[in-house]
Amino acid sequence: MKPFTYSRAASVEDAVAAASSGGRFIAGGTNLLDLMKLQIETPSHLIDVNHLELDRIERTPEGGLRIGAMVRNTALAAHPDVRRDYAVLSRALLAGASGQLRNKATTAGNLLQRTRCPYFYDTRMPCNKRKPGSGCGALKGGSRSLAIVGTSDACIAQHPSDMAVAMRVLDAAVDTVAADGTRRSIPIADFHLLPGDTPHIENQLKPGELITSVTLPNPLGGTHVYRKVRDRSSYAFALVSVAAVFDGQGGSRFAFGGIAPKPWRVAAADAAAAAGAGAVAQAALADARPTAQNAFKQQLVASTLTSLFRQKEARP
Amino acid sequence: MKFDTPATTNPIDRGRVVGVAHDRIDGPAKVTGTAPYAYERHDAAPQAAYGWIVGSAIAKGKIDAMDLRAAQSAPGVLAIVTHQTAGPLGKGARNTAHLLGGPIIEHYDQAVALVIADSFENARDAARLLRIDYSPEKGRYDLAAERGHATVPKEGFGGPADTAAGNFEAGFAKAAVKVDQSYTTPDQSHAMMEPHATTAAWDGDSLTLWTSNQMVAWAVEDMAATLKIPKDKIRIVTPYIGGGFGGKLFLRADALLAALGARAAGRPVKVALARPQIPNNTTHRAATIQRIRIGADRDGIIGAIGHEVWSGDLPGGGPEVAAQQTRLLYRGTDRLTAHRLAELDLPEANAMRAPGEAVGLLALEIAMDELAEATGVDPVELRIRNDVQYDPEAGPQRPFSSRKFVECLRQGAERFGWERRVPQPGQVRDGRWLVGMGMAAAFRNNLVAKSGARVGIDGRGHVVVETDMTDIGTGSYTILAQTAAEMLGVPIEAVTVRLGDSLFPKSAGSGGQFGANSATAGLYAACVALREKLAAKAGFPANQTVFEDGLVRLGNQSQPIGALAGEEGMWAEDRIEFGKLTQDYAQATFGAHFCEVGVDVDTAEVRVRRMGGAFAAGRILNPKSARSQVIGAMTMGVGAALMEELHVDKRFGFFVNHDMAEYLVPVHADIPEQDVLFLDELDDKSSPMKAKGVGELGICGAGAAVANAIYNATGIRLRDYPLTIDKLLAQREGSALA
Ligand SMILES: Cc1cc2nc3c(=O)[nH]c(=O)nc-3n(C[C@H](O)[C@H](O)[C@H](O)COP(=O)(O)OP(=O)(O)OC[C@H]3O[C@@H](n4cnc5c(N)ncnc54)[C@H](O)[C@@H]3O)c2cc1C
Ligand code: SF4
C-alpha cells in the first residue's frame, strides 16, 4: 500500500470538491483496500464518503425506488419494498459474497468493483487492464472463469457483480454528480463500458464524479428469478448467473452475469423467450468468442436458462 | 522403552480417561485469543521489526541484477536480505529448492529478498521498489508432456518405487473381466488457516524462532544445515499452529528469512507469508496421472491388480506415492505398482493431507466402482469379496496387525442405508436433482515414529508433560493430558501439557497420522518410568502398584501421589522406539465411505446431501477430537472431488489461482450431515496405546465416494479431478442430465 492521505467528506459538495484535486472515494473499502494492498490501485488521497447522507432508500414521485449510493448490500437486500417489488435484486444481492462483506459493501462500490481475473491480481503478470499495453495474460492462459462475450483481444475480464446484473434487468439508472455540480442520470445499460482497446476504462464516470444513488423504475411485477451457478454452494463468484423477470403476460427480460465485461443484456434475447431457453441463450451469446477453457459457459448459459424456465413453471 | 512385542494389559486399558470424549484443553485459550501464535509473540520478542518476502517473478532462469537503492532509502527500511547479503547458506535435507533463491531461480515466487522495516506497511511498500532484472529460461511445466521423460525415483517415503508379485501382465491378460483406465488428479494447495509465519530473535550466536511448524526436530536440523550453525544454537518454539496439512512439515522461507532478517536488522524480525504467496512459494501436492488395471473373474474376485503413477517435481524432489494402498488393500496374486517421476519447474511438490493414499484412492476406488459395474457385483460386496487378511505382496506370513475392513463395510453400509441404492445410474430424481449414492474404501498406512516425553509431578499432585510434539489443531494437547491422567491416576484437570519447544524431548511430531499414537506412546513410556520412581519411593513393587484417584496404592496401603513426589517434585523421561512389529505385521487403518449427492439435472451443479463413514483405527483416544479430525478430512475429500485445483499456467510456469477467492475449498454450505462410526478395535501390535493413526484416514477414499455417487446419479463417469460442472456438461450426451 502506497502512503496516502485521508479525508472524510461531510457533504456531497464537499466530496466532489475534494475529488476535483485528485483522490478516490472510499465506501465499504472491501474492494478498493484489497487492491491498494497489492498496489493494483495506488490513490494518493482517499475521500471517505460513508458519512454523506446517501444511505436512504426512498420511493420516487413516479413510483420507482431511489437507492442511496451508500446503502449497504445487506440493508438493500432486506428492504421490504425491494423484497416485494424488486425481488430479483434482493435475490442477486444475497447470492453475492458473504454476510460480513455484504454488511460493509455499498451500492456504488458494488457497481464499481473490479474484475476477478487472476492475472489482474498478480502484478508480475501482463495485464492490459492493470497496466495498459502490457498484454493480456489470461487470453492464452487461465481463463476458465472469464468472459465469453463482449470481450476484445485486449481483455476478456468478466464483471463480477451479482447486484449489477439484477439492476440491469430492472433498467436502473445511475445518478451522479460531478465536481462542477452537474448531475446526470446514466442508464445502467450505458454505465459500464466494453474493453475494446482500453480495458482500463471501465465505466462512464469522469474523474471525481460521485455516484449519489441508483434509481429503479416503477415495479415490473411478474416473477423474479436470480440463478447463480458456481463451483461451490456459496461464497464464490458466478460462472454464469441469470437475472430474469417474467411479467406473466408472455413478456420476459434476461440479464447475465459472469460471462461479460459488464452486466449482459441483449434485446433479441428478451424477444426470444417464447422460443425457449435455447433461443434466449443463442441470442444472448450471438457474438460470443470464448476461449477453450471457458467455452463451457455457452452451454451453461443455456442450461441455466432451462433450469430457470423450469423454476418459473413450477411456481404458481 | 522399546516396543517390539505386542502390548499386554496395561493401565491405559482401564479406559477411565483415555477413550472418553473430552473437550480440548487448549480450547478456552484459543477462543479467547490468549493462545499465542507465531506472528503475535509480542510477549517473547517485543519490538520486532517486520519482514516482507519478495518472490521471484519468473519460474526458471536467473537474476542478472538487483537494484536495492530505492527500497533502501524508503521510509522505515532497516535492512534488505538477498542472496548477495545473506552469506553462505546450505540447504536442509528436506528442502528441494533453496528457500532463498538467487542468482539461480528454481520456481515462481521463490523468495529472492526480504525487506525489513519498522512497520508492516513500510516493509511491503519498500518491497515494491526493488528492481530485479531476470533472464528467464524455458521451463517444464506440463506433467502430461513430460510423462515420457519420467524416471524411477529413489526409494523414500512410501518405500520402493516399484513392487510386484506373481506375473501381472499374464494374470491381467487372462482375466475374464478387465478394467483398464487412466485417472488424473490436479496440483492442490494445503490452504491451512494460519499462513506460514515466524518471529526470530538472536541472542549472540543463539537463535530463537517462534514459528508455526509441525516437526520441531526437523526444523532445528534443517535450519542448522541452512545457516551452517550448530543445532544447539537453535531453539524452535511452536506451541500453537493454525493448521498445517503437511504444508508446515518443513522449514520454509518465513523461518529462514526471519532468522536472516533478524541478524541483518540487529533486532527481532517477524515474517508471515501473504495468502497469495503461499501456493507458489511453499509446497503443494503434485498432480498425478494414474493408470489402473484390474483383472477379475466374473464374481469380481481380483486376480491381477496394477497401479502406475506419474507425478512431477523439481529436480531432486520426490514422487507422489499414490499406489501405496494398492499394495495392501485388495487380494490378487498377480500384482504391480510403479511410481515414475518427471522433472518439472513448477514450485516444490511435497506432502499434503495424507500423501499417497489421498489421491491414490481417488483413482483406485473409481476403478473398483467400474469393476463392480462390469461384474454386476454390488460395490460393498465386491470389496468384501476382495478382502485379504495379510499383506498380499508378501503372503500369509505377513498378516495385518488388525484389519476390520469388512466390518467397516458392513456396518457403514447399514447405517447409511446403502440397500436403498438403485444400482442402475440416473434412476432417482428429487425435484431438480438427480440423486445418487456412492461408496469407497478408506485405507491409510499406520506409520509409527520414535517419540519422547518427560513427565513431572509436584507436591500438590499436579502433573506437567513436556515434549516437542505439536498440536496443529488436531487435539494433541488433550490426548496427551488424557494419557498422563490415565497412567498416573489423576484427574485430567491436574495435568498441564507443554508442547512445541525444542528444549523438550524429541517427539514424533505431527504428520502422516503418526503423531497421536506415537506421541502418546512416548508419554506412556515416560509415565511408566515415573510410576516406577514413585512406587520405589513408596517402597511398593512397581508391577503391583495401582495409581488411581490421586493415590499410589498397594493392596490396602496407599499414599497421595503428591506427597510421594515431595516438595522438590519428581520427573521422569523416556521415549518409545518401535521394533520389528512394523515389519512382521502390515499395519494400516481401514474404513468405508458412503455418500449421497444431488446433481442438478440442467446445470450439473453437484451438492453433497449426506456422508457417512465407518472406521477402524485401533483405540480411539478421544472420540470427540477424532471425530473432528475425520469429518474435517471428509470435508477435504469433498474439496478434492469437486473443486480443489491449482491451475497451471504452462507458459509462465506458475499456479494462477493463488488466493482463496480463486482456489476453492468447501464452505459450510457444501457440507451436509456427516455421520462417523468408530469400530471398537485395539491393536496390540501398533503401540502400548493400542491406538493407530486416524486423522488422515477420513480423507482417504472420501472423494472417490463422491465421484461414484455422481456416476450413480447421472451415468457420467468422470476420471479427471476435480469433477466440475464443465466436465459434466461435456458428457451430458446420453446421460441422465437433461
Ligand atoms: C472475498 C470476496 C467475495 C466476493 N464475492 C462477491 C460475489 O459473489 N458477488 C458480488 O457481486 N460481489 C462479490 N464481492 C465483491 C463485493 O461485492 C464488493 O467488494 C463490494 O460490493 C464493493 O463495495 P464497497 O462499498 O466495499 O466498495 P469500495 O471498495 O469502497 O469501492 C469500490 C470502488 O468504488 C468506488 N466508489 C465507492 N463509492 C463511490 C461513489 N459513491 N461514487 C463513485 N465511486 C465510488 C471506489 O473509489 C472504488 O473504486 C466479493 C468481495 C470479496 C472480497
Ligand atoms: S483479461 Fe483483462 S484483466 Fe485479465 S489479464 Fe487480460 S487484460 Fe488483464
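Below, the structure is looked at part by part. These numbers were taken from a predicted model, which means no experiment stands behind them.

Calculation criteria
Residues numbered from 1 in each chain as written. Chains lettered and ligands numbered in written order. Predicted model: local features only at pLDDT ≥ 70, side-chain atom pairs only at ≥ 80, totals over all residues. Heavy atoms only, no water. Helix = DSSP H or I, 4+ residues; strand = E, 2+ residues; numbered from the N terminus. Rg over C-alpha atoms; globule rule 2.2 N^0.38 Å. Buried < 20%, exposed > 50% of the residue type's maximum accessible area, 1.4 Å probe, protein only. Contact = heavy atoms within 4.5 Å. Lys, Arg positive; Asp, Glu negative; His and termini not counted. Charge placed at Lys NZ, Arg CZ, Asp CG, Glu CD. Buried area = accessible area lost by both parts, 1.4 Å probe. Salt bridge = Lys/Arg side-chain N within 4 Å of Asp/Glu carboxyl O. Polar contact = N/O pair within 3.5 Å; in protein donor to acceptor, adjacent residues only side chain to side chain. Nonpolar A, V, L, I, M, F, W, Y, C, P; charged D, E, K, R; others polar. Pairing = 2+ DSSP bridges. Axes fitted to C-alpha atoms, helices over the stretch in contact; angles between N-to-C directions. Core = buried A, V, L, I, M, F, W, Y, C linked by side-chain atoms within 4.5 Å. Expected span 1.5 Å × (residues − 1). Near = heavy atom within 4 Å. Areas by Shrake-Rupley, 256 points an atom, 1.4 Å probe, with all protein chains shown as cover.

Along its length, chain A carries 13 helices and eleven strands. The C-alpha radius of gyration computed for chain A amounts to 19 Å, which stays within 12% of the reference 20 Å derived for 316 residues, consistent with globular compactness. With the principal axes as the frame, chain A shows a C-alpha extent of 55 × 50 × 35 Å. Expressed as a percentage of the 316 residues in chain A, the buried residues total 59%. Partitioning the contacts of chain A with sequence separation of at least 6, the portion at a separation of at least 24 is 63%. Side-chain charges of chain A comprise 37 positive and 26 negative groups, with the mean position of each set lying 7 Å from the other.

With that out of the way, let us pick up the interface of chain A and chain B. With 38 residues of chain A in contact, the opposing surface of chain B contributes 37 residues. A per-residue breakdown of the area chain A buries against chain B is headed by A:Arg124, A:Arg232 and A:Ser233, which together make up 21% of the total. Connecting chain A to chain B are five salt bridges. Between B:Asp602 and A:Arg310 there is a salt bridge; the shortest N-O distance is 2.6 Å. Counting every contact that joins chain A to chain B gives 20 residue pairs in polar contact (both at pLDDT 80 or more). Mapped onto the side of chain A that touches chain B, the elements with two or more residues apiece are helix 8 (118–121), strand 9 (223–229) and helix 13 (296–314) of chain A. Taken together, the residues that form the side of chain A that touches chain B break down as 13 nonpolar, twelve polar and 13 charged.

Take the sheet that holds strand 30 (residues 673–678) of chain B next. All names here are of chain B. A sheet is described by the order of its strands in space; here five strands give the open sequence 17-18-26-27-30, paired in mixed fashion. Only two strands of the sheet have a single partner each, and these edge strands are strand 17 (428–430) and strand 30. Between one strand axis and the next, the sheet turns by 25° as a mean value, whatever way the strands run. Of the pairings in the sheet, the one linking strand 18 (residues 433–445) to strand 26 (residues 588–600) comprises 13 bridges and is antiparallel in character. Following the sheet pairing, Asn-445 is matched in strand 26 by Ala-588. The sheet strands contacting helix 17 (residues 702–714) are strand 18, strand 26 and strand 27 (606–616), and the helix crosses strand 18 at an angle near 155°.

Quick look at the nonpolar core now. Ranked by internal contacts, the top residues of the largest apolar core, which has 129 residues, are A:Phe254, A:Phe256, A:Ile259, A:Leu305 and B:Val597. Here the element with the most residues in this core is helix 9 (residues 357–375) of chain B; it accounts for eleven residues. Not counting residues within four places of it along the chain, the set of residues in contact with B:Val597 comprises B:Leu434, B:Val435, B:Gly436, B:Val606, B:Arg607, B:Val608, B:Arg609, B:Val706, B:Ala709, B:Ile710 and B:Ala713. Counting residues in each nonpolar core, the second largest holds 54 residues, with B:Ala481, B:Leu499, B:Cys527 and B:Ala572 among its members.

Time to look at helix 12 (residues 476–488) of chain B. Residues and elements named next belong to chain B. For helix 12, with 13 residues, the first-to-last C-alpha span of 18 Å sits near the 18 Å given by 1.5 Å per residue. Within helix 12, 13 of the 13 residues are buried, which leaves it mostly tucked inside the rest of the structure. Where helix 12 ends, the next residue or the one after it, Gly-489, has phi of about 65°, a positive value.

Residue and element names in this part refer to chain B. Here Glu-308 lies in strand 15 (residues 302–313). When the C-alpha atoms of Glu-308 and Leu-336 are compared, they prove to be 7.9 Å apart, with 28 residues separating the residues in sequence. Sequence-distant contacts of Glu-308, defined by excluding residues within four places in its chain, comprise Ile-289, Gln-290, Arg-291, Arg-293, Leu-336 and Ala-338. One polar contact links Glu-308 to Arg-293, side chain to side chain, over a distance of 3.0 Å.

On to the site of ligand 2, then. Taken together, 14 residues lie near ligand 2, and A:Cys117, A:Cys127, A:Cys136, A:Cys155 and A:Ile156 sit nearest. A per-class count over the shell around ligand 2 returns eleven nonpolar, two polar and one charged.

Right, let's get into the site of ligand 1. Residue and element names in this part refer to chain A. The immediate surroundings of ligand 1 are formed by 32 residues, with Arg-24, Phe-25, Gly-29, Thr-30 and Thr-106 found nearest. Contact distances for ligand 1 include 2.9 Å between an oxygen atom and a backbone N or O atom of Ala-27. Separating an oxygen atom of ligand 1 from a backbone N or O atom of Gly-29 is a distance of 2.6 Å. Bound to the protein, ligand 1 loses 94% of the 970 Å² it would expose on its own. Within the residue set of the shell around ligand 1, elements represented by two or more residues are strand 2 (24–26), helix 7 (107–112) and strand 8 (210–216). The element contributing the most residues to the shell around ligand 1 is helix 7, with four residues.

What follows is about the pattern of salt bridges. Residue and element names in this part refer to chain A. Scanning the entire structure with this criterion turns up 74 salt bridges over all chains. One salt bridge connects Asp-162 with Lys-228, and the closest N-O pair in it is separated by 2.8 Å. Pair noted here: Asp-162 is in the loop between helix 8 and helix 9 (163–169) and Lys-228 is in strand 9, with a separation of 66 residues, a long-range link. Because the salt bridges share partners, they merge into one network encompassing Arg-24, Glu-41, Arg-114, Lys-129 and Glu-202.

Residue and element names in this part refer to chain B. Between its terminal C-alpha atoms helix 13 (residues 515–538) stretches 34 Å, which fits the 34 Å expected from 24 residues at 1.5 Å a residue. Counting buried positions over the 24 residues of helix 13 gives 18, a clear majority of the element. Phi turns positive one or two residues past the end of helix 13, at Gly-539, with a value near 80°.

A few words now on the environment of B:Val380. Residue and element names in this part refer to chain B. One can find Val-380 in helix 10 (residues 379–385). Separated by 17 residues in the primary sequence, Val-380 and Gln-397 have C-alpha atoms spaced 27 Å apart. Beyond its immediate chain neighbours, meaning those up to four positions away, Val-380 contacts Leu-409, Ala-413, Trp-418, Met-439 and Phe-594.

Before going further, it helps to spend a moment on unusual backbone geometry. Phi is mostly negative for residues that are not glycine, and the peptide bonds are mostly trans. Residues B:Gly102 and B:Pro103 are joined by a peptide bond in cis, for which omega reads -5°. The residue B:Pro103 is located in the loop between strand 4 (77–82) and strand 5 (104–105) in this model. The amide bond that connects B:Tyr721 to the next residue, B:Pro722, takes the cis arrangement and shows omega of -5°. In this fold, B:Pro722 is placed in the loop between helix 17 and helix 18 (725–730). Positioned with a positive phi, A:Gln39 is a non-glycine residue whose angle comes to about 55°. Mapped onto the fold, A:Gln39 is located in the loop between helix 2 (32–37) and strand 3 (45–48). Residue classification places A:Gln39 among the buried positions, given a relative accessible area of 12%. Located in the positive-phi region is B:Asp109, a residue other than glycine, with phi close to 65°. Take B:Asp109: it is sitting in the loop between strand 5 and strand 6 (111–117).

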